[in-house]
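What the coordinates show
In case you want the letters, here they are:
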Amino acid sequence: MAAKPKLAFYWAASCGGCEITVVELGMNLIAASELVDIVFWPCLMDFKYSDVEALDDGEITACFFNGAIRSSENEHIAKLLRQKSQLLISFGSCSHMGGIPGLANFYDADLILERVYGTAPSLDESRGTRPTPTFEVPEGEIEIPTFYDRVKTLAQVVAVDYFMPGCPPVADQVWNVFQALLAGKLPAKGSVVGVDGETNCDVCPREKGESGLRIKEFKRPHQVDLDPDVCFLAQGVICCGPATRAGCGLPCIEGNMPCRGCYGPPDGVVDQGAKLLSAIGALIDTDEPEALQQIVDTIVDPAGLSYRFGLANSILSELK
Amino acid sequence: MKKISIDPITRLEGHGRIDLFLNQDGGLENAYLIIPELRGFEKFCEGRPVEEMPRITQRICGVCPLAHHVAAAKAGDAVYHVDPPPAAKKLRELLYASFFVADHATHFYALGAPDFVVGPDAPKAERNLLGVVKKVGQEIGARVVQLLQENHEIAAIVAGRYIHSVSCIIGGMSKPITEEERKRIVEIAQASVETARFSLQLFDDVVLQNQAYVDMILSDAFTHQTYYMGLVDQDNRVNFYDGQVRVVGPDGQELVKYSPEEYLDVVAEHIEPWTYLKFPYLKQVGWKGFVDGPDSGVYRATPLSRLNAADGMATPLAQAEYERFYDTLGGKPVHQTLATHWARLIELLYAAERTLELAQDPEITSHEIRTIPTATPDEGVSIVEAPRGTLTHHYVTDENGLLKQVNLIVGTTNNYAAISMSIKKAAQDLVQAGRVVDDGVLNKIEMAFRAYDPCFGCATHALPGQMPMIVRLYDHEGDLVQEIRRD
C-alpha cells in the first residue's frame, strides 16, 4: 500500500478563521483524516517545529499556509515549510494578499506603537512605556520580537505553488481542493484554486437595471434601505463584485451586504483596487469634470475600500 | 539568577512564552507570561468609515468573530446616536446567543474536556477532541459536530455566514428572517438545549463524581481571590448582548455598576515593557502588580466571573443549574479557576435556551429592522460579553463618520494579569531545588491557563490550545542544565 500523503497546516499573522473553516468540514474532515497523515498543525494537534525540521526536504506532500508575514518568526517558518513541502498552498486572504492585517501598511510601525502604548485613552501613568526587545526585569532579562514595519504576503517571501483566496475560504471550496489534491488533479502550478473563473458580478443574481448602471451619487450602506433584489451599485452602494473573483457562493450578498473583495482579483487583473476604481469610474453618470469630481468625492475612504484585503499586495504597497 | 523558558505556551509556536526565574535556593522567584505579538487594529482602523467596523474588527478573531461584529455594530449605533428597532435587537441577540452555543461547546469538547474526560495523565495523542469522542462514543461525537454545524447554520441564516458575518449594521440588521427560517432556528435551538443539558450531565458524571477531580478543582493551586466582572440586565442577571457591567469584589459585594460610556472611569490599562499585551485593572482599586485580594485592582472576566457578578440566569433551566453550582461549591463567589469549565456549560445552556426563546418571539420575523441614522456621528462606546470576557469598543469619528480614534479592550486581555498569576501559582510546584521536578507538572500550568480559554487571537492573534511545552533550565553561566519536553 502506498504511503498516505502528508499534509501540514500553518498559521502566521491571522485570526484563526481559516482554521475554523477547516473545522467546518465536520464529518468530512474526520473522513479525510483517514486518508492522509497530518504532520504539522499547531492549532489542533501537538507537533512541534522540531518535528518539521526532522523531515526530509519535500517530505510533506502539501502545506496549507494561512496568515500574513508580520514577523521574522512568520518568515522563518514559511521558509522551513517551503523547503519541506512539495506543494506550498497559500490559504486565505492574509497569506494571499495581506488581508485585513495588511491595512496596517497605511501606517508605519512607530505610529501603530504610539497609538497603542502612547495615546490610547485607557492608559494609566505607564503611558509611553514601549515594549522593548530586550528588557531587564529584577530577576533577569526578557526578550521579545521586534514589531515589523510592514505586512508581507506569503509569495513575497517564498515561492508559492497554489493560491486559495477568501476570508476565510468557504468550506465547500476547501473540500473541493482537498479532493483534487488527493486525486492528483490539481491544475498547473501557480494557479488560483478553490475558485470560479468569473467575477462575483458575473454570477450575482441581483437585477442590474434595464438601461445599464449609471451612478449619480455614492451612498453608504447604513444610510439607505438596501433592496435585497437589486445590484448594490445600482443602488449607489459600492460593491467590490466587479473586481472580485467568484467562488465564495456570495454569502455576503445573501446577507444583503455588498462584497468587500476577499477572494481577490479575477484572472488577468494584477491590482484589485485599481480594477475596482476603474470599473466604478466607468459607471459614473457624467462627462463634466467638475460634476465627476463631486460624485467621486462622495466615495469615502476609496483606498481602504478598494484595497480592503489587498493593500500588502497592491501597487500602493510597492510605491511605499 | 536562573531562568527557565516555556516556549511556546500554546499550540501556536512562538506566539506566547513563559519565562520562569529561580531564586538562590532553586525555588521559583517569578513567572512571566510574555505575549510577543501585535497587529495594531487600533491604528489601522483610523481613516476607515465607522460603518465598516463590524466587518473589519471581526478579523481580530476568527474564533469569536461575532463578538467583534456585534460590538462594532453597537458602537456604531452609539456613534450615530441611533436606536435600532426592537426586532433588530432581538435578531442580533439571537445571532449572538447561538454563537455562544457554538463557541462554548467548541471550547468544552475540543479544549477543556480532554483534560477531564480523557484525563490529565492520558497519552497526549488521546488528549484531544478525537480522544473525547473515543471515550464518550461516536454517537455523542456526531451530536457535538451537529451542534456546531447547526449553530453555524443559524449564523448563515441570520447574518450571511458564521465566520465573518455581515448583517449587523449601524441602526439594525441588513435583512430580516422568514417564517420558514424561524422554524428551522427553533428546531436547531431545541436540539441545542438538549445537547447543553447532556453536556452538563456529562460533566456531572465524569468530573463531579470523581473525587480526585473535585479535589483538584478545590485546591489552592488553582484558586485566586479577585474581583469579577460581567454584563447584567436590569435584574442583575447574566446577559451577553446588552446591559450594564457589574463588578463584585472578592467578598461578592458589588463594587461598581457602569454603562459602556463610563468605562474609562472604571478600567485603566497598565503597560509592561516585556510584553505587547496590556494589563487592564480596576482604576478605583489601583494597579498593585500581580497579586490578588481586595486591595489589588486585578479582576477576572470569564464565564465564572459572569456568574459571580450576577444574581442569576434569565432562563429557567440555566437558573436551576446556577443554583446547583453555588450550592455544590459552597456559595458565592466561587474563586476556583477550574470551576470556570462548569460555569461555561451553564452559560452554554443559557445561550441555547435564550436562542430558543428569541426564535419563538413573534416579533423576530418583523421587517422593521432598520433605523436610518440622521444625527451627526461623533463618539460611541459599546460593551458585549465575548465568550472569553467583557469586550469594549470605543470609537471617535469626524462629522463624516470616518474614524479618528479606536480603543479596544478585548475578552482575554481583561484576564491577562490573572492568567499570569495563575501560571505563577501553578508553577511554584514545578521547581524545587533548582530542578524541574517532573513533566507531569507541566500539565498543571497548562490547565491553569486553559480554564480561561484564553484567546490570544483576540488579545494578540494567536489561538489557545493544548500546549506543547519546552522547559529549559539554565545555570548562572547560562548553560543549559536541564530540558524537559512534552511534544
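Reading the values: the criteria
Residues numbered from 1 in each chain as written. Chains lettered and ligands numbered in written order. Predicted model: local features only at pLDDT ≥ 70, side-chain atom pairs only at ≥ 80, totals over all residues. Helix = DSSP H or I, 4+ residues; strand = E, 2+ residues; numbered from the N terminus. Buried ≥ 20, exposed ≤ 12 C-beta atoms within 10 Å, placed from the backbone. Contact = placed C-beta atoms within 7 Å. Pairing = 2+ DSSP bridges. Axes fitted to C-alpha atoms, helices over the stretch in contact; angles between N-to-C directions. Nonpolar A, V, L, I, M, F, W, Y, C, P; charged D, E, K, R; others polar. Core = buried A, V, L, I, M, F, W, Y, C linked by C-beta atoms within 7 Å. pLDDT = per-residue confidence, 0-100.

Quick notes on the overall build of chain A
When helices and strands are tallied, chain A shows 13 helices and seven strands. Considering only C-alpha atoms, chain A reaches an extent of 65 × 60 × 35 Å along its principal axes. Burial status across chain A gives 47% buried among its 320 residues. In chain A, once contacts between residues fewer than 6 apart in sequence are set aside, the share between residues at least 24 apart is 74%.

Brief notes about the sheet that holds strand β1 (residues 6-11) of chain A
One key point about sheets: their strands pair by backbone hydrogen bonds, in either a parallel or an antiparallel sense. Residues and elements named next belong to chain A. If you trace the five strands from one edge of the open sheet to the other, you get β2-β1-β3-β4-β7, paired in parallel fashion. Only two strands of the sheet have a single partner each, and these edge strands are β2 (37-40) and β7 (162-164). In this sheet, neighbouring strand axes are inclined to one another by 25° on average, regardless of whether the strands run parallel or antiparallel. The pairing of strand β3 (residues 60-66) with strand β4 (residues 85-91) spans five bridges and is parallel. Bridging across to β4, Phe65 finds its partner in Ser90.

What about unusual backbone geometry?
Of the consecutive residues Cys167 of chain A and Pro168 of chain A, the connecting peptide bond is found in the cis state with omega at -10°. The topology assignment puts Pro168 of chain A in the loop between β7 and α7 (171-182). Of note, the bond from Lys332 of chain B into Pro333 of chain B is cis; its omega dihedral lies within 30 degrees of zero at -15°. With respect to the element layout, Pro333 of chain B can be found in the loop between α11 (316-329) and α12 (340-359). The phi angle at Asp301 of chain A is positive, at roughly 45°, despite the residue not being glycine. Look at Asp301 of chain A and you get partly exposed, because 16 C-beta atoms sit within 10 Å.

Here's the deal with the interface of chain A and chain B
Each side of the interface is counted separately: chain A has 69 residues, and chain B has 74 residues. For the side of chain A that touches chain B, a count of residues per class yields 40 nonpolar, 15 polar and 14 charged.

Overview of the pairing of β1 of chain A
All names here are of chain A. Extensive coverage of β1 is indicated by the burial of five of its six residues. Note: β1 against β3, five bridges, orientation parallel. Within β3, the residue paired with Phe9 across the bridge is Phe64.

Let's talk about the nonpolar core
Among soluble globular proteins, nonpolar side chains are generally buried collectively. Tyr10, Cys63 and Phe65 of chain A together with Leu91, Val247, Ile346 and Ile423 of chain B are the most contacted members of the largest nonpolar core, which totals 241 residues. For this core, the element with the highest residue contribution is helix α4 (residues 86-118) of chain B, accounting for 20 residues.

Remarks on the environment of Ala309 of chain B
Residue and element names in this part refer to chain B. Locating Ala309 in the fold gives a position in helix α10 (residues 303-309). Spatially, the C-alpha atoms of Ala309 and Gln253 are 8.7 Å apart, while their sequence positions differ by 56 residues. Among residues more than four places away in sequence, those in contact with Ala309 are Tyr228, Met229, Gly230, Val232, Arg246, Val247 and Val248.

Considering the confidence of the model for chain B
All names here are of chain B. Of the residues in chain B, 85% have a pLDDT of 70 or more, and the chain-wide mean is 87. Under a pLDDT of 50 for its full length, residues 457-470 has, in the predicted model, 78 contacts with residues more than four places off or in other chains. Ignoring residues within four places in sequence, the model shows residues 475-479, a span with pLDDT below 50, making four contacts including any to other chains. Of the two predicted TM-score estimates for the complex, the pTM is 0.93 and the ipTM is 0.94.

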